[in-house]
Amino acid sequence: MVKKVDEIIEQNHSERAHAKLSASGSKRWLTCTPSAQLELQFPDTPSTFAAEGTWAHEYSELLLTEFLFKMDIKLFTRRLDTVMSETFATAENYEAVESYVSFVQGRIKQARESDPSALVMLEQRVDFSDWVPEGFGTGDVVIVSNGTLEV
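Cut-offs used in this document
Residues numbered from 1 in each chain as written. Predicted model: local features only at pLDDT ≥ 70, side-chain atom pairs only at ≥ 80, totals over all residues. Heavy atoms only, no water. Salt bridge = Lys/Arg side-chain N within 4 Å of Asp/Glu carboxyl O. Helix = DSSP H or I, 4+ residues; strand = E, 2+ residues; numbered from the N terminus. Buried < 20%, exposed > 50% of the residue type's maximum accessible area, 1.4 Å probe, protein only. Pairing = 2+ DSSP bridges. Axes fitted to C-alpha atoms, helices over the stretch in contact; angles between N-to-C directions. Contact = heavy atoms within 4.5 Å.

**Here we look at the pattern of salt bridges**
Taken as a whole and judged by the stated rule, the model has 2 salt bridges. One salt bridge in this structure joins E39 and R28, with 3.6 Å as the shortest N-O distance. Here E39, found in the loop between helix 3 (35-38) and helix 4 (48-69), pairs with R28, found in helix 2 (residues 26-31); they are 11 residues apart in sequence, far enough to count as distant. Taking relative accessible area as the criterion, E39 reaches 35% and is therefore assigned partly exposed. Overall, R28 belongs to the partly exposed group, its relative accessible area being 33%. With its nearest N and O atoms 3.0 Å apart, the salt bridge here joins E150 to R107. Note that E150 is positioned in strand 3 (residues 148-150) and R107 in helix 6 (residues 91-114), a separation of 43 residues in sequence. The class for E150 is partly exposed, based on a relative accessible area of 26%.

Next comes the structure, spelled out in structure tokens:
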């Protein structure tokens, strides 16, 4: 299911579902299998680093959504004002996010040049439960082009 612009940008990243056996945590749980079950006994207390990562993720998502879908200017401005008011809105963080966004935009342009029907999805839920019980995650950017899947 491909999401609409409203669905992509309105849900807070920290409120999204997370799999116990997540792809991003696979290095840990593949190396130490019991760790996935053991960590459930500890409270999920976000760190400053996690909050900064969430900020960067939401800023990049906003820029990529605007790039792909040309958002309503009022909605874009409202979301941008929110991003710019956050603690992590520093020149260094803006530069890092904008570098990432520029890279992704290049990948999208390259895919569309070689395949005009290339499919680009933001915040796309991916399911790998055929290999990992209840395994799922969210692909920040998913590009399907010329028979190739890039996540």
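**Description of the sheet that holds strand 2 (residues 136-145)**
If you walk across this open sheet you meet the 3 strands as 1-2-3, and the pairing is antiparallel. The open sheet has two edge strands, strand 1 (119-127) and strand 3, and neither has a second partner. Taking the axes of each pair of neighbouring strands and ignoring which way they run, one obtains an average angle of 40° across the sheet. Pairing of strand 2 with strand 3 involves 3 bridges; the strand directions are antiparallel. Bridge pairing in strand 3 links S145 to T148. Lying on the sheet, helix 4 is in contact with strand 1 and strand 2; it crosses strand 1 at an angle near 135°.

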